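Residue-level structure breakdown
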Amino acid sequence: MSLEKTKYFQHHFVDPEQQYESSKLGMWAFLVTEVLTFAGFFCAYAIFRAWNPDMFINAHKALDVVMGGTNTVVLITSSLTMALAIRYIQINNSRAALINLVLTLIFAGMFLVIKYFEYEHKFHCGHLPGALYNPHIAPDCVAIEGNNPHVFFSIYFMMTGLHGIHVIAGMGLIVWLIIRTIKGHFTPAYYTPVEMVGLFWHLVDLIWIFLFPLLYLIG
Amino acid sequence: MSNHEHHITPLSTYLIVFTSLLILTGITVFSAQFDFGSFNIILALMIASLKSSLVLLFFMHLYYDNKINLAFILASVIFLGIFIGITMIDTNYRTTLYDVRGKLVDDQAPIENFKSKSHHSDIEHKTEH
Amino acid sequence: MREYLEKNYLNEETTIKSWLLTLDHKRIGLMYLFAIMFFFAIGGFLALFIRLELLTPAGGDILDKDTYNVFYTLHGAIMIFMFIIPSIPAAMGNLILPVMLGTKDVAFPRLNLASWYIYVVGSSIGIFSIVSGGVDTGWTFYTPYSSSTDTAVISMTFAVLVLGFSSIFTGINFIVTVHKMRAPGITWFKMPLFIWSLYATALIQILATPVIAVTMLLLIMERTFQVGIFDPAMGGDPVLFQHFFWFYSHPAVYIMILPGMGIISELISTFSKKKIFGYTYIAASSMAIALFGFLVWGHHMFTAESEFAALVFSVITYLTALPSGVKIFNWLATLYKGKISFEAPMLYAINFLLLFAIGGLTGIFLGTLSVDVMLHDTYFVVAHFHYVMMGGTVIAFLGGLHYWWPKIWGRMYSEKWARVSAVLIFFGFNLTFIPQFIMGSQGMPRRYWQYDGMLNTELFQFYHILSTVGSSMIALSFLIMLVYLLHSIKNGKVAGSNPWGALTLEWQTPSPTPAHNFLEEPKITHGPYAYDEVEAERTID
């Protein structure tokens, strides 16, 4: 069935192809705004790191590379399953698409769980942003030398926090896609929402690809 | 009107990209053990850029798409660079002082708050040119 | 044809629900128009109070010092975020852009409606902030004062954050519409220049606005959790806030002026019945202004940043003047040997040329490092930005409003009263702000509630009185405008499809515009300014 005859064709467009290409460009324009949103935080990171290079190197040791690395692998895998979900809809295999969407959701959840444990450890050690910084030197907590270590944690929590909010938003969107896939809304002729959410999800992965080395692997 | 055929990426392409991403992640973690001085961050960013290029071009389909989409995201990265780069022209040169004729007087004028003591203690204060 | 289209976008459906849930870009544009004019009025009243207070050097004539601080902060914040940034793009752009491109609607009508509701929510949060006592930091919210003052900073900055999303969604919509939905025959270089200007503006909107959102978020974090990135006692940097703030707010001024320049291109060509001179250069200059606008934000911080950075920013600021100069010369060349007529829209266009030129040139004085050290935070700066923002954007907005008014309502306003208003605004505006240039250069600081005890107090008072008289002339001209415009909606002369004899596509469809923009598929047979090839019939004598 051609898209025009489905209820998903919007009549201010000339044809479905124009609708599809427009949706794509619109989503890319939105991703531009996301990049510039995180740009502010990357700028703060760059400046405070340039001013306090030794403190940053010390402070990053308080982060767990294993957990961060695992999260990186988790997100990359979720990107794969997201891309596969789109591919399976394109070749009319709704069931495989659904499985991949659910897998993506599970990986996203895993990311948040690992993040929760990381945050919990930070709270335990008092490695908190700004005025809340209150280091407890416990055996499993790293002592941080250098000027103003709370600055590192301000940046850490704000960047990973904002990123985490995007993960949660992405999970909500994926749930929406799962429901619609079960209802059979998506066909090879119309899968635009899946692709748009996919683009958003890949951006979430992209941001983490930069956050991980900058926060966890310095020095 | 018939639907224009959209490009369907082969499964093998996705799997190759996925494997490459994992390998690159491994490389970046492994190389973090070594200290290359100021090259550390450049190396980390280069690997991250390579990973993100793979995600952008293949997972996000930019390799096969209308190039305008690629232009938009590249522009955003350029502007990110402008933002950080030009701001650092201020923040990295806070200590430079010029006289009224525009001649450099001192590039290590004392400003206490923003120096990590161990970083600059071995640099001599320059006076006049 | 000269008739009033009976079934049009205004009366297609008449229920409240059909307006509140509309997907018609023209209805959305109209709703924006009413909203922004409402906030313009509020911002204007705040200005009148400020001007009254400044009639005498002593403070406390009508406002105490804290209230005075709140008034100028709210005047700035409301005018900028709730009026001027959405004004031309969201109101006029929504009303006109799809029609000019020969298409039925913008790319994402639901996103368009969402952007209006986000604007309403953001503005409401702003009103909440005002009712909670307002903010006293100046519209620039500089730290450390803004991170420590007791006033309603968090709600106002949150309002700005939300309003930013409205702007972003408008930008996304326009970018995609221009890229993907032009009617066949309208190539990139056959688009009207108003569209080029809206496109360049939309690019700025998506690239710059996210940064103000982050900046406001960081300020909220600073106030709530004391994260310390702007606090020197905690290793932070207050100037960093300024970098973040101006990285958006400088490009924001180009969001304000570029659409205005686009309107001027339309007006000058239509009212000289002449092809616009140097179309490609004007289009290219819009893009160049958009690009350069991102590189000069530090010129707001000359006294705060490192000298080296100040040098760099000053040089680039000079370069930024060039593309605007290109436009001015091209407009003048268009006027030369044109068949000029002086209807109200053209009076506004001529106003613009003079006022924007003054505003732009005084920007060069401010871009000169050594001069700026003296002029920073004086009334010279205040006069400069009012010349470009009000003498530029608002005048262009009014020109566009008068130009497209017959298309929006199908009726003409009183030409006589429109000319009275346009002339009155010109004189009132200059009387208000030229004294401010002089005062500023003699040292009158901005944001001061009292100015007694200074060396030049008597001189300042003289100029302040002139300025206040001028501001009342501006107020009067807006009052006159309100009356004749509202009157024309029901009682104006029927305009017909093309009262000006213009050649862009919106004039080839009846007035008021049909609900789906065109009754028959528009045929593009000539360029938008082809006055040398085609003569369009005016539907009004």
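Basis of the calculations
Residues numbered from 1 in each chain as written. Chains lettered and ligands numbered in written order. Predicted model: local features only at pLDDT ≥ 70, side-chain atom pairs only at ≥ 80, totals over all residues. Helix = DSSP H or I, 4+ residues; strand = E, 2+ residues; numbered from the N terminus. Rg over C-alpha atoms; globule rule 2.2 N^0.38 Å. Buried ≥ 20, exposed ≤ 12 C-beta atoms within 10 Å, placed from the backbone. Contact = placed C-beta atoms within 7 Å. Axes fitted to C-alpha atoms, helices over the stretch in contact; angles between N-to-C directions. Parallel < 35°, antiparallel > 145°, perpendicular 65-115°, else oblique. Left-handed = near helix turned anticlockwise from the far one by under 90°. Nonpolar A, V, L, I, M, F, W, Y, C, P; charged D, E, K, R; others polar. Expected span 1.5 Å × (residues − 1). Core = buried A, V, L, I, M, F, W, Y, C linked by C-beta atoms within 7 Å.

1. Side note on the overall build of chain C
- Tallying secondary structure elements over chain C gives 15 helices and two strands in all.
- Computed over the C-alpha atoms, the radius of gyration of chain C is 23 Å, within 12% of the 24 Å expected from 2.2 N^0.38 for a compact globule of 541 residues.
- Each principal axis of the C-alpha distribution contributes one length, and for chain C these read about 65 × 45 × 45 Å.
- Burial status across chain C gives 60% buried among its 541 residues.

2. Observations regarding the overall build of chain A
- Looking only at helices and strands, one finds six helices and zero strands in chain A.
- Shown N-terminal to C-terminal, the secondary structure of chain A runs as helices and strands in the order α-α-α-α-α-α.
- Buried residues in chain A amount to 53% of all 219 residues.
- A sequence separation of at least 24 residues applies to 75% of the contacts in chain A between residues at least 6 apart.

3. Topic: the packing of helix α7 (residues 193-225) of chain C against helix α8 (residues 238-272) of chain C
Residues and elements named next belong to chain C.
- Two elements in contact, α7 and α8, have axes whose closest approach is 8 Å; the angle formed by their N-to-C orientations is 160°. Comparing their axes, α8 and α7 come out roughly antiparallel. Between α7 and α8 lies a crossing of left-handed hand.
- Split by residue class, the contact of α7 with α8 holds 23 nonpolar, eight polar and one charged.

4. Here we look at the interface of chain C and chain A
- On the side of chain A, 27 residues touch chain C, which itself brings 29 residues to the contact.
- Elements that contribute at least two residues to the side of chain C that touches chain A include exactly α6 (153-180), α7 and α8 of chain C.
- Sort the elements by how many residues they give to the side of chain C that touches chain A and α7(C) lands first, with nine residues.
- Residue classes in the side of chain C that touches chain A are distributed as 21 nonpolar, five polar and three charged.

5. Some words on the environment of A:E145
Residue and element names in this part refer to chain A.
- Mapped onto the fold, E145 is located in the loop between α4 (94-125) and α5 (149-182).
- Overall, E145 belongs to the exposed group, with 11 C-beta atoms counted inside 10 Å.
- Here the alpha-carbon distance between E145 and I207, two residues 62 residues apart in the chain, equals 28 Å.

6. Remarks on α6(C)
- Its 28 residues place the ends of α6(C) 41 Å apart at the C-alpha level, agreeing with the 40 Å of an ideal helix rising 1.5 Å per residue.
- Of all 28 residues that make up α6(C), 25 are buried, and the element is covered over most of its length.

7. Section: the nonpolar core
- In terms of nonpolar packing, the biggest core is built from 274 residues, with A:A29, A:V32, A:I155, C:I175, C:I195 and C:Y199 touching the most fellow members.
- Looking at this core, the element that brings in the most residues is helix α3 (residues 65-100) of chain C, giving 23 residues.
- Discounting chain neighbours no more than four positions away, the residues touching C:I175 are A:A29, C:Y199, C:A202, C:L203 and C:I206.

8. Some points on the interface of chain B and chain A
- Taken together, the contact pairs 43 residues of chain B with 50 residues of chain A.
- Going through the elements one at a time, α1 (11-31), α2 (39-59), α3 (67-91) and α4 (117-120) of chain B are the ones with two or more residues in the side of chain B that touches chain A.
- Broken down by element, the side of chain B that touches chain A gets its largest block of residues, 13 residues, from α3(B).
- Residue composition of the side of chain B that touches chain A, grouped by class: 23 nonpolar, 18 polar and two charged.

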